[in-house]
Amino acid sequence: MKNKSIVLLLFINFIFPINEGDQNIIPNLKLNMLDGSKTTIHELVKNGPIMIDFWATWCVPCKKVMKHLDQYHQKYSESGFQVLMINQDTPRSIGKVKSYIRSQKHQFLVSLDPNKAIAKKLNGLIMPTLILVDKGGAVIWRHQGYVPGEEVEIEKQIKDLIKKNEIEGS
């Protein structure tokens, strides 16, 4: 049994290698924002932690979790927390994205990734995929999918990270 465990660990390390120093640091990807501006993930995390969520206008679970994420974006903004929604709709659907966000009056940040380049780099092709990133750019938590009730765990992860940042900052 011990040999099987060692083989499994070696296999996992081969598939998911650990790079010393930056094992969980999110890459500094360029973002095209819905409002036409441009930024990077590292620019956003300078202000505080961010929750990244991959979504599309046709994704029903995405729309369900969005209302909770927008609430958290507003509720924890004083702690520097932000929500970044990365849309996966096709280039033809950009108008739908703008009108949907406007109609829902969401206040979180929205980025466009019509060719799924960011989704591929961050393993966000399953929607919704949530990635919680701390102020240093480290990935703290990942979650794929959404069923009602999971917003409790999502908020707990956000609160725990904010509390940790406050303790370290004092």
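Check the entry above for the structure.
What you see as residue numbers is a count from 1 along each chain, following the sequence as written. Per-residue local features of the predicted model are confined to residues with pLDDT of at least 70, and side-chain atom pairs are confined, for both listing and counting, to 80 or more; whole-chain, interface and lining totals are unaffected and use all residues. Excluding hydrogens and water, the side-chain values take into account all heavy atoms of the structure.

**Student:** Looking at this structure, how should I read the pattern of salt bridges?
**Tutor:** For side chains bearing opposite charge, pairing can occur when the charged atoms are close. Salt bridge, as used here, is a side-chain nitrogen of Lys or Arg placed within 4 Å of a carboxyl oxygen of Asp or Glu. Considering all chains together, one arrives at three salt bridges under this definition. Of the charged contacts in the structure, one is a salt bridge between Glu43 and Lys46, with a shortest N-O distance of 2.9 Å. For Glu43, a relative accessible area of 41% gives the class partly exposed. Residue Lys46 is classed as exposed on the basis of its relative accessible area, which comes to 53%. Glu155 is the partner of Lys75 in a salt bridge, and the nearest nitrogen-oxygen pair spans 2.7 Å. Highlighted residues: Lys75 in helix H3 (residues 60-75) and Glu155 in helix H6 (residues 151-169), separated in sequence by 80 residues. In this scheme, a residue with accessible area under 20% of its type's maximum is buried, one over 50% is exposed, and one in between is partly exposed, where area comes from a 1.4 Å probe on protein chains only. By the criteria applied, helices consist of DSSP H or I runs no shorter than four residues and strands consist of E runs no shorter than two, each listed in order from the N terminus.

**Student:** Explain unusual backbone geometry to me, please; I cannot follow it from the model alone.
**Tutor:** When glycine is set aside, most residues are seen to have a negative phi, and most peptide bonds are trans. For the bond running from Met127 to Pro128, omega is -10°, close enough to zero to count as cis. Of note, Pro128 is situated in the loop between helix H5 (117-121) and strand E6 (129-133). Of note, the phi angle at Lys105 is positive, near 60°, even though the residue is not glycine. Its identity is not glycine, yet Asn123 carries a phi of approximately 55°, on the positive side.

**Student:** Sorry, what's going on with the sheet that holds strand E1 (residues 30-33) here?
**Tutor:** Within a beta sheet, neighbouring strands are joined by backbone hydrogen bonds and run either parallel or antiparallel to one another. Two strands qualify as a pair provided that DSSP identifies no fewer than 2 bridges between them. Here we have seven strands laid out as an open sheet, ordered E2-E1-E5-E4-E3-E6-E7, and mixed in their pairing. What marks the edges here is a single partner per strand, and that holds for strand E2 (38-40) and strand E7 (139-144). Neighbour to neighbour, the strand axes of the sheet diverge by 30° on average, direction disregarded. Any two residues having at least one pair of non-hydrogen atoms within 4.5 Å are treated as being in contact. Inter-axis angles, ranging from 0 to 180 degrees, are taken between N-to-C directions of lines fitted to C-alpha atoms, where helices are fitted over the stretch in contact. Packed on one face of the sheet, H3 meets strand E3 (50-55), strand E4 (82-87), strand E5 (109-112) and E6 and runs near 160° to E3. Relative to the sheet, helix H4 (residues 94-104) contacts E3, E4 and E5, its axis offset from that of E5 by approximately 175°.

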